[in-house]
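As a plain string of letters, each chain reads:
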Amino acid sequence: MHHMYAPHVRRHAVSLLDSGLSQTDVNRQTGINRSTLRVWAQDRSLLDKYQDTDLCPRCEPVPRPPAPAHAYSYLLGLYLGDGCISPAGDPRKKVWRLRIACDDKWPGLIDECEEAMSAVRPDHKVGRTRAPGCTMVNGYWKHWPCVFPQHAPGKKHERRIVLDPWQQEIVDEHPGRFVRGLMHSDGSRGLNRIARRDGQGFYEYPRYLFANTSREIVGLMTATLDRLEIPWKSHTKRQPGVLSQAAVSISRKAAVARMDAFVGPKY
Ligand SMILES: [Zn+2]
């Protein structure tokens, strides 16, 4: 079982790596396993957010990984697609706001997002704010950046998105929930229409599409589909003047049926 670590522990470990110590040395000194150190060496996004003096109270004395795991796995998918974390109000209070943008076309998905966020952040009201064409579901917590260490300034497609080993374990436990979250943010289940070879009209079949400007987020999707043994096909959309997107489709009949069991159409 991989542990979750407090931000100051992470920052200290990375500073040891930066000083020239090997991962083995840092492992011996801190007890942090090497697979975690490997991810941290690649992903420095958490490092500047906390000063040494302002430890997250939820991470004292020992960080508590988010629970319940099935709600977190789904929320992680939504967060990677449509979420952002920013300081809420007075920055000295060190409270963060997690916002997930939900399309107004799918009221059921707004409710489901709110339920998942409330489950991960219990005893605290999760709110909604209106924006043009969408509803922001938001919750306030000092612990959000620890729960989503992928948080950093800048656009997700311009930086590394690597899951911490404890996050990967949760995704491995609940892969369908993670795929559902990703699909609900950046995917769709639609009908693909193909002209018949004999020219007699069209035939249609359902398929799932998922597209994101971050190749690493698409990579997380395909790795999880592989784990579920659901076949997928890669597409890359390129249009002049438009940011290129990596995309995957799931269109084999049996694969669509399996996806329907834990994703289904948006509602
Ligand atoms: Zn924390």
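Counting of residues starts from 1 at the beginning of each chain's written sequence and follows it residue by residue. Only residues with pLDDT of 70 or above have their local features reported here, since the model is predicted, and side-chain atom pairs are shown and tallied only from 80 upward, although totals for entire chains, interfaces and linings are computed over all residues. Neither water nor hydrogens contribute to the side-chain values; these are computed over all heavy atoms in the structure.

Donor selection uses N, O and S atoms within 2.8 Å of the metal (3.2 Å for Na, K and Ca). Since no water is included, sites may look incomplete. The zinc ion binds to the protein through Cys 56 (SG), Cys 59 (SG), His 143 (ND1) and Cys 146 (SG); the donor distances cover 2.2 to 2.4 Å. In these descriptions, tetrahedral denotes four donors with every angle between 85 and 135 degrees, square planar four donors and octahedral six donors with opposite donors over 155 degrees apart and the rest between 65 and 115, and irregular any other case. Around the zinc ion sit 4 donor atoms, and with donor-metal-donor angles ranging over 102 to 120° the site reads as tetrahedral. As a motif over one chain, the donors of the zinc ion read C-x2-C-x83-H-x2-C. In this pair, Cys 56 sits in the loop between α3 (34-42) and α4 (69-82) while His 143 sits in the loop between β4 (134-141) and α6 (144-147), placing the two residues 87 residues apart along the sequence. Relative accessibility thresholds used throughout: buried, under 20% of the residue-type maximum; exposed, over 50%; partly exposed, between the two (1.4 Å probe, protein chains only). Take Cys 56: its relative accessible area is 3%, and that puts it in the buried class. To qualify as a helix, a DSSP run of H or I must reach at least 4 residues; to qualify as a strand, a run of E must reach at least 2; elements of each kind are numbered from the N terminus.

This brings us to the confidence of the model for the protein chain. Averaged over every residue, the pLDDT of the protein chain is 89; the share at 70 or more is 90%. pLDDT is a residue-level measure of predictor confidence that goes from 0 to 100. Looking at the elements of the protein chain, mean pLDDT is at its lowest for strand β7 (residues 233-239), recorded as 78, and at its highest for helix α5 (residues 107-120), recorded as 98.

Looking at where Gly 77 falls in the secondary structure, it is placed in helix α4. Residues Gly 77 and His 184, 107 residues apart in the sequence, show an inter-C-alpha distance of 8.2 Å. When residues no more than four places from it in sequence are discounted, the contact partners of Gly 77 are Phe 178, Gly 181, Leu 182 and Ser 185. By the convention used here, residues are in contact when the closest approach between their heavy atoms is within 4.5 Å.

Here Gly 190 is to be found in strand β5 (residues 187-195). In this structure the C-alpha to C-alpha distance between Gly 190 and Tyr 208, which are 18 residues apart in sequence, comes to 6.4 Å. If we ignore the near neighbours within four places in the chain, the residues touching Gly 190 are Tyr 205, Pro 206 and Arg 207.

Working note: regular strand, side chains alternate between the two faces of the sheet. Taken together, the 9 bridges between β5 and strand β6 (residues 202-212) define a ladder with antiparallel strand orientation. Looking at β6, one finds that Arg 193 is bridged to Glu 204. With antiparallel pairing between neighbouring strands as the criterion, β5 and β6 make up a hairpin whose turn holds 6 residues, including Gly 199 at a positive phi of roughly 80°. When DSSP finds at least two bridges between two strands, those strands are taken to pair.

On to the sheet that holds strand β2 (residues 96-103), then. Read from one edge to the other, the open sheet built from 4 strands follows the order β1-β2-β4-β3, with strand pairing classed as antiparallel. Edge positions in the sheet fall to β1 (83-87) and β3 (127-131), since each of these pairs with one other strand and no more. Within this sheet the neighbouring strands show an average axis-to-axis angle of 30°, counted without direction. Strand direction decides the pairing type here: β2 and β4, joined by 8 bridges, are antiparallel. By the bridge assignment for β4, Ile 100 is matched with Val 137. Helix axes are fitted only over the stretch in contact, all axes being lines through C-alpha atoms; the angle between N-to-C directions runs from 0 to 180 degrees. Running over the sheet, α5 touches β2, β3 and β4 and is turned about 5° from β4.

Turning to the packing of aromatic side chains, a few remarks are in order. Stacked, tilted and edge-to-face pairs are distinguished by plane angle, under 30 degrees for stacked and over 60 for edge-to-face with tilted covering the rest, among Phe, Tyr and Trp rings (Trp via its six-membered ring) whose centres lie within 6.5 Å. Scanning the model with the defined rule gives 6 aromatic pairs in all. Ring geometry for Tyr 72 against Phe 148: centres 5.4 Å apart, planes inclined by 20°, an arrangement best described as stacked. Pair noted here: Tyr 72 is in helix α4 and Phe 148 is in the loop between α6 and α7 (165-173), with a separation of 76 residues, a long-range link. Considered together, Tyr 72 and Phe 148 belong to a single accessibility category, that of buried residues. Here Trp 144 and Phe 148 contribute two aromatic rings whose centre-to-centre distance is 6.0 Å and whose plane-to-plane angle is 20°, an arrangement assigned as stacked.

Attention now moves to the side chain of Asn 212. Relative to the assigned elements, Asn 212 resides in strand β6. A relative accessible area of 8% means that Asn 212 is categorised as buried. Any pair of N or O atoms that falls within 3.5 Å is considered a polar contact. Within protein, one atom must be able to donate a hydrogen and the other to accept it, and sequence-neighbouring residues count only if both atoms are side-chain atoms. At 2.8 Å, the side chain of Asn 212 and the backbone nitrogen of Ser 214 are in polar contact. If we ignore the near neighbours within four places in the chain, the residues touching Asn 212 are Asp 186, Ile 217, Val 218, Gln 245 and Ala 246.

This paragraph deals with unusual backbone geometry. Cis geometry is found at the peptide bond from Glu 60 to Pro 61, where omega equals -5°. Considering the arrangement of structural elements, one finds Pro 61 in the loop between α3 and α4. For Asp 123, which is not glycine, the phi dihedral falls at a positive 55°. Tracing the backbone through its elements, the reader meets Asp 123 in the loop between α5 and β3. When its relative accessible area of 83% is taken as the criterion, Asp 123 is described as exposed. Non-glycine residue Glu 229 carries a positive phi angle of around 60°. With relative accessibility at 68%, the residue Glu 229 sits in the exposed group.

In this section: helix α1 (residues 7-18). Multiplying one less than the number of residues by 1.5 Å gives the expected span of a helix. With 12 residues, α1 should cover 16 Å at 1.5 Å per step; its first-to-last C-alpha distance of 16 Å lies within 8% of that length. Within α1, burial applies to Pro 7, Arg 10, Arg 11, Ala 13, Val 14, Leu 16 and Leu 17. Next to the buried residues of α1 lie α2 (23-30), α3 and α6. Following α1 by one or two positions, Gly 20 adopts a phi angle in the positive range, close to 110°.

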